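Chain and residue survey
Read off the chains here:
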Amino acid sequence: MTTYIDPPTWPAHGTVFSHLISDTSLRELHALAASAGISIRAFDQDHYDVPAHRYEDLVSRGAVPVSGRELTRVLLRCGLRIPAAHRPEKLRPNLSRAWSRLGHTLQSAEAEAEDDDAARSPVEDFDQLWNLLGEELLDRWSEPHRSYHAMTHLAAVLRGVGTLDRAGELPHAQRPVVALAAWFHDAVYSGAAGADEEESALLAETRLGPLLGAATVDETARLVRVTETHDPLPHDRNGAVLVDADLQILAQDPARYAQYMAAVRQDYQHVAEADFRRGRAQVLQRLLERPALFHTALGRARWEQQARVNLRAELELLTRG
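This report concerns the structure included in the present document. Bear in mind the structure is a predicted one, so any value in this text is a computation, not a measurement. (Residues numbered from 1 in each chain as written. Predicted model: local features only at pLDDT ≥ 70, side-chain atom pairs only at ≥ 80, totals over all residues. Heavy atoms only, no water.)

A closer look at the layout of surface pockets
Heads up, the condition is: Grid points spaced at 1 Å and placed over the protein atoms alone form the basis of the search, with a cavity being a set where a 1.4 Å probe fits but cannot get out and a pocket an open set showing protein on both sides within 12 Å along at least five of seven lines. Lining residues have an atom within 4 Å of a point. Grid points are joined across faces, edges and corners, and a volume is the space filled by probe spheres set on the points. Secondary structure elements are taken from DSSP: a helix is a run of H or I of four residues or more, a strand is a run of E of two residues or more, and numbering for both begins at the N terminus. Three classes are used, and their members are as follows: Ala, Val, Leu, Ile, Met, Phe, Trp, Tyr, Cys and Pro are nonpolar, Asp, Glu, Lys and Arg are charged, and the others, Gly among them, are polar.
Looking at the largest pocket, its volume works out to about 1,100 Å³. Of all the secondary-structure elements, those providing two or more residues to the lining of the largest pocket are helix H4 (88-112), helix H6 (151-166), helix H10 (237-247) and helix H11 (254-267). Among the elements that make up the lining of the largest pocket, the one with the highest residue count is H6 (9 residues). Considering only residue class, the lining of the largest pocket consists of 21 nonpolar, 14 polar and 10 charged.

Observations regarding the pattern of salt bridges
Note the threshold: Each salt bridge in this description consists of a side-chain nitrogen of Lys or Arg and a carboxyl oxygen of Asp or Glu lying within 4 Å of one another. Burial classification: accessible surface area is computed with a 1.4 Å probe over protein chains only, and a residue below 20% of its type maximum counts as buried, one above 50% as exposed, and the rest as partly exposed.
Summed over the entire model, instances satisfying the criterion amount to 20 salt bridges. A salt bridge links Glu 136 to Arg 207, with the shortest nitrogen-to-oxygen separation between them at 2.9 Å. With Glu 136 in helix H5 (residues 126-141) and Arg 207 in helix H8 (residues 195-208), this residue pair connects regions lying 71 residues apart in the sequence. The exposure class of Glu 136 is partly exposed, given its relative accessible area of 21%.

Digging into the packing of aromatic side chains
For any pair of aromatic rings, the description consists of the separation of the ring centres together with the inter-plane angle of the planes. Worth spelling out the cut-off: Two aromatic rings from Phe, Tyr or Trp, using only the six-membered ring of Trp, form a pair when their centres are within 6.5 Å; if the ring planes differ by under 30 degrees the pair is stacked, by over 60 it is edge-to-face, and anything between is tilted. We count a charge as sitting over a ring when the NZ of a lysine or the CZ of an arginine lies within 6 Å of the ring centre and within 35 degrees of the ring normal.
Within the structure shown, the criterion is met by 8 aromatic pairs. Relative to Trp 130, the ring of Phe 126 has its centre 5.5 Å away and its plane inclined at 15°; by these criteria the two rings are stacked. In this pair, Phe 126 and Trp 130 both sit in helix H5, 4 residues apart, roughly one turn of the helix. For Trp 130, a relative accessible area of 1% puts it in the buried group. An aromatic cluster of at least three residues, connected via ring pairs, comprises Trp 99, Phe 126, Trp 130 and Trp 183. One cation-aromatic arrangement involves Arg 146 over Trp 141; the distance from NZ or CZ to the ring centre is 5.3 Å.

Thoughts on the pairing of strand S3 (residues 15-22)
In plain terms, the rule: Two strands form a pair only when DSSP identifies at least two bridges running between them.
Of all 8 residues that make up S3, 6 are buried, and the element is covered over most of its length. Taken together, the 3 bridges between strand S1 (residues 3-5) and S3 define a ladder with antiparallel strand orientation. Counterpart to Ile 5 in the pairing with S3 is Leu 20. Hairpin connection from strand S2 (residues 10-12) to S3: 2 residues lie between these consecutive antiparallel strands, with His 13 at a positive phi of about 55°. As defined by bridge partners, S3 adjoins strand S4 (residues 48-51) across 4 bridges and the pair is classed as antiparallel. Looking across to S4, one finds that His 19 is bridged to Asp 49.

Here's the deal with the packing of helix H12 (residues 273-288) against helix H14 (residues 304-320)
Cut-off, in case you're wondering: Where helices are involved, their axes are fitted lines through C-alpha atoms of the stretch in contact, as for all axes, and angles between N-to-C directions lie from 0 to 180°. Should an angle lie under 35 degrees it is considered roughly parallel, over 145 roughly antiparallel, and from 65 to 115 roughly perpendicular; all remaining angles are considered oblique. If you view the pair so one helix is near and one far, a crossing is left-handed when the near helix is turned anticlockwise from the far one by less than a right angle, and right-handed when it is turned clockwise. The contact rule is simple, with two residues in contact once any of their heavy atoms fall within 4.5 Å.
At their nearest, the axes of H12 and H14 sit 10 Å apart, and the two run at 150° to each other. The angle between H12 and H14 falls in the class roughly antiparallel. By crossing handedness, the relation of H12 to H14 is classed as left-handed. Note on element contacts: H14 touches H12 through Arg 308, Leu 311, Arg 312, Glu 314, Leu 315, Leu 317, Leu 318 and Thr 319, opposite Arg 277, Arg 280, Ala 281, Leu 284, Gln 285, Leu 287 and Leu 288.

Here it is as structure tokens:
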């Protein structure tokens, strides 16, 4: 691994900053930053922002000085660059529009349904209440302690639901409720497995109850609870699509998977390294012991093989120390 640093020319907070990057692994980049006494709070998805007075010290520790343009080229070549469209300032407005469209779709579907729930009177100020709920959810997904379980993950799961729907894995009329479950599935995130999923399901029931019919609310909460085990029952097509969309990150190319590993470690930065390695290894081992990681035909065909390659490689890293 080589680390690179560009000149301190980026102004902020009364000084100027350099960018510190790796050409191989965010894990090693975090280790270098920690050894140099740079706080994890200085990490911005694919680089560290370091103030001018640290520049010479980092160069003496082995960071290679390059121009800002060359530093960007290195990030692009190694695949660690976070695209602008995936950054919070771009993601939030895009997700907000997607939430608004989802509300209109669900409202129209319920108005056309013939069940008893749809016969109730329309909710007054639905659009205003729906948009307020969307802002609450986006605030939750933007909490500062989140790294992987953040808006980028939400956007990826929503894209995965769309991919699987277009492949015929989902009855098309069910896509809105599966997308709604995606919005809620990590809405509560403290790093407590099981408790987070249950709290997220309860949040869905509480917030959606006044806005949507009982059938939609119940199915949303049920799907959120399925993400605790990622093991939907046979013939649960909604659950299979949500789970596969949630786990597709496991099948990304090695560079993207390295970003995922580093982000997960940040989410558990409160856990000691030895404890994290042991717990993470147990999770990976359980996944690898499953007959199949994915539950849809497309998921097994497109993602299964690469996911197992990535999981085995990460497990080896964890267990060899």
